[in-house]
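# Structural description and commentary
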Amino acid sequence: MAESNVHKPTSVLNELRLAGQYCDAVIRVENVEFPVHKIVLSNCSLYFRSLFERWSLPGQKDFVIPNLSPSTMLLLIEFAYTSSVSVTENNVHDLLQVADYFNAQSVLETCWKFLEQQLCPQNCVSIWRSINTMDSLKLQNKAAHTYVANHFEKVITFSEFTQLSVQQLADILERDDLDVRDESSVFEAVVSWIAHKPEHRRRHMALLLSKVRLALLNPDYIRIKVITNKWVKSDTDSLNIVDKATRIIHQLRTKGWNVKAQRHLVARPRLPRSVLLALGGYNNTDRLHSIEAYDLRADRWVTLTSTLEHPSVHHGVVFLNGFIYCIGGCNQGEYFNCVYRFDLKTSTWHEVACMHCSRYDTSVTTLSGYIYALGGSNERIQLRSAERYKPETNQWSHIAPMYECRSKASCATLHGKIYICGGFNGENSLRTAECYNPECDQWTRISSMISRRCGVGMMVYANQVYAVGGTNGFRCLRSAEVYNPETNSWKAVPSMLMPRSHFAIEVVEERLFSVGGMNNSKAVSQVEYYDVKANKWTMACSMENERMYLRSCVVAGWENMAEFLSLRDTLPPLYISSQKE
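Bear in mind that the values here come from a model prediction, so they are computed numbers and not experimental data. (Residues numbered from 1 in each chain as written. Predicted model: local features only at pLDDT ≥ 70, side-chain atom pairs only at ≥ 80, totals over all residues. Heavy atoms only, no water.)

## Re the overall build of the protein
- For the protein, the helix and strand inventory stands at 18 helices and 35 strands.
- With the principal axes as the frame, the protein shows a C-alpha extent of 95 × 65 × 45 Å.
- The buried share of the protein, reckoned over its 581 residues, is 53%.
- Pairs at least 24 apart in sequence give 58% of the contacts found in the protein among residues at least 6 apart.
- Total accessible area on the protein is roughly 27000 Å²; 47% of this is exposed by carbon and sulfur atoms. (Helix = DSSP H or I, 4+ residues; strand = E, 2+ residues; numbered from the N terminus. Buried < 20%, exposed > 50% of the residue type's maximum accessible area, 1.4 Å probe, protein only. Contact = heavy atoms within 4.5 Å. Areas by Shrake-Rupley, 256 points an atom, 1.4 Å probe, with all protein chains shown as cover.)

Below, the structure is given as structure tokens:
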């Protein structure tokens, strides 16, 4: 059984209470008496302060507390005297109710910390419902509600989900940040909830259906699953909602993207949990100083800023612990060892410790809280050396050098090791690859790739290491291959739709994205993604700018994300009244 904050009550005041000394009140619960000191309980609870000072007769000593068990009252009294309380799975909900009733804020916060540690998709609905009506836990209520939204596709697989009231479910479904990869899971959740008590809940179909982003669904799904649903087709309001969504889908498909249509609730994309950022690089004539963000749910790029203070170009970029780090680079013949980090909360840049070596076209990654910078170039010299940065100490330290000099390579981490492949050694594009084990500070050669690749994109995806695109020294490549660490072998996978090198590569919501880059000597803005389940590449929305030698990272948990992404300004939604359940 899980417990929290378990201590033996040992304070001097508590010893006096147990001995019955200097007590000026008696709390009676059922047949149990608790001698107490009024000042101690008043200090813990606004309820008791009011009880002793305003709601009782002068000199009154006996106080009866109804509808409470002696064991729960004892926990509250012990907390008042010792600032500690024994919270378990069996008593936490009773203790919450009592602490809320007695306005014992410290006990409420202790109970919430315990519940927060227990939160999981199976119990988050009951935890949220248990604190939903407590005004004193507004922030915690919001956090629990957000947990339900963030784990929605798992939450709906448990029976607790069906215990939500219609209004609670509606509140969850209308959230822009509801985390669902496909809107069909939202519709199916509505059907599942109604099916639990169809005789009472079927009348809520229109209300809940208005919260589903129906215009984001495939028309075939609407025709086969939605319109044929027995509760939809028997309800005029529900059919009208489906008709409106179908007309918006037709408009989007025939007339193209339309802001007004996508702003409507039935067509407004959900907020993504993570955003792909593209930073810097060149277009076909100049260096770029802007950052663009890709919103996968809306399939749109948004320019966040056009005044990128740092870095220069040919830099490395990683995201770690809420910060974007820009590492090294060059600018008009200057080569840098400086490192800057961007604070997402304050939108400000700060310089941190410099690397030991100036590096541009370096390969960067993160592993176990460290940032690694591998190889790259220092003026006209390709490097074997490597180093890593520890944010807690703000220090870079050398690690073992690689077997080969590599610039314009790419690296990624899998199962506690770093893999690097391809690049340029000063004379040729490389096929070779190697692996670093930080536990023994040692590099190991692994099988070479099928193709030479300079300006390659490397990323761990679907538990394997992908090497995509690049140039073989003569032309840009479309081809891609994947490395299996268990067999130490590479094999070809479907090629990209267009050749590209010196591009950005990231994984966003189980899709592998190739972003921008160069097609032979020309910068491109096109973006495509690979879905391992479908085993094919698909074009996505192009960036606003053509970019080669760009860098990228995926940002998750960005509190201000909604402020920077477009298409979420609501038009009046479809308000439909519902009878109480």
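Now that the structure has been shown, we can carry on.
## Concerning the environment of Y370
- Turning to its location among the elements, Y370 is positioned in strand β16 (residues 370-374).
- In this structure the C-alpha to C-alpha distance between Y370 and E109, which are 261 residues apart in sequence, comes to 34 Å.
- If we skip the residues at most four places from it in the chain, Y370 touches T365, R388, Y389 and K390.

## Considering the side chain of N123
- Within the secondary structure, N123 sits in the loop between α6 (105-118) and α7 (124-131).
- A polar atom in the side chain of N123 sits 2.9 Å from the backbone nitrogen of C120.
- Leave out the neighbours within four places in its chain, and N123 touches Q118 and E160. (Polar contact = N/O pair within 3.5 Å; in protein donor to acceptor, adjacent residues only side chain to side chain.)

## Focus on unusual backbone geometry
- Although it is not a glycine, N103 adopts a positive phi angle of roughly 55°.
- By the element assignment, N103 lies in the loop between α5 (92-101) and α6.
- N103 sits in the partly exposed class, given a relative accessible area of 32%.
- One non-glycine residue, N394, lies in the positive phi region at around 55°.

## Topic: the environment of S126
- Locating S126 in the fold gives a position in helix α7.
- When the C-alpha atoms of S126 and I371 are compared, they prove to be 40 Å apart, with 245 residues separating the residues in sequence.
- A distance of 3.2 Å separates the side chain of S126 from the side chain of E160, its partner in a polar contact.

## Comments concerning the nonpolar core
- Within the largest apolar cluster, 88 residues are counted, with the highest numbers of intra-cluster contacts made by I27, F48, M73 and L214.
- Setting aside residues no more than four positions away along its own chain, M73 makes contact with I27, V29, F34, F48 and L68.
- Grouped together as the second largest cluster of nonpolar side chains are 17 residues, V275, I324, F336 and F342 included. (Core = buried A, V, L, I, M, F, W, Y, C linked by side-chain atoms within 4.5 Å.)

## Examining the packing of aromatic side chains
- Taken as a whole and judged by the stated rule, the model has 28 aromatic pairs.
- Summarising the aromatic geometry, the rings of F48 and F102 are spaced 4.9 Å apart at their centres and angled 15° between planes, so their arrangement reads as stacked. Of this pair, F48 sits in helix α3 (residues 46-53) while F102 sits in the loop between α5 and α6, and the two are 54 residues apart along the sequence.
- Of the residues examined, F48 reaches a relative accessible area of 1% and is grouped as buried.
- Given the relative accessible area of 1%, F102 is considered buried.
- Ring centres of F187 and Y221 lie 6.3 Å apart, and the angle between their planes is 90°; this geometry places the pair in the edge-to-face category. Taken together, the residues span a long stretch of sequence, with F187 in helix α11 (residues 184-196) and Y221 in helix α14 (residues 219-226) at a distance of 34 residues. No difference in accessibility class separates F187 from Y221, as the two residues are buried. (Phe/Tyr/Trp six-rings, centres within 6.5 Å; stacked < 30°, edge-to-face > 60°.)

## Things to note about the sheet that holds strand β27 (residues 480-484)
- Taken together, the four strands give an open sheet; going across it, the order is β25-β26-β27-β28, and neighbouring strands pair in antiparallel fashion. Single-partner strands in this sheet number two, and they are β25 (457-461) and β28 (489-493). Strand after strand, the sheet turns through a mean of 25° between neighbouring axes, direction not considered.
- Here five bridges tie β27 to β28, and the two strands are oriented antiparallel to one another. Looking across to β28, one finds that V482 is bridged to K491. (Pairing = 2+ DSSP bridges. Axes fitted to C-alpha atoms, helices over the stretch in contact; angles between N-to-C directions.)

## A word on the pattern of salt bridges
- Counting across every chain of the model gives 22 salt bridges.
- The shortest N-O distance in the salt bridge between R28 and E33 comes to 2.2 Å.
- Several salt bridges share partner residues, and in doing so they unite D179, R273, R297 and E509 into one network. (Salt bridge = Lys/Arg side-chain N within 4 Å of Asp/Glu carboxyl O.)

## A look at the pairing of strand β9 (residues 316-320)
- Among the five residues that make up β9, four are buried, leaving the element largely enclosed by the rest of the structure.
- In this structure, β9 lies alongside strand β10 (residues 323-327), joined through five bridges in antiparallel fashion. Note that in β10 the partner of F319 across the bridge is I324.

## Points about the packing of helix α4 (residues 70-82) against α5
- At a minimum axis separation of 10 Å, α4 and α5 run at an interaxial angle of 65°. Where α4 crosses over α5, the two elements pack in a sense that is right-handed. Across the interface between the two elements, T72, L75 and L76 from α4 touch D94, L95 and V98 from α5. (Left-handed = near helix turned anticlockwise from the far one by under 90°.)

## Considerations on the packing of helix α1 (residues 12-19) against α4
- Interhelical geometry of α1 versus α4 gives an angle of 135° and a closest axis separation of 8 Å. Judged by the angle between their axes, α1 and α4 are oblique. Between α1 and α4, the residues in contact are L13, N14 and R17 and L74, I77, E78, Y81 and T82, respectively.
- A per-class count over the contact of α1 with α4 returns four nonpolar, two polar and two charged. (Parallel < 35°, antiparallel > 145°, perpendicular 65-115°, else oblique. Nonpolar A, V, L, I, M, F, W, Y, C, P; charged D, E, K, R; others polar.)

Spatial relationships are all this shows, so hold off on functional conclusions.
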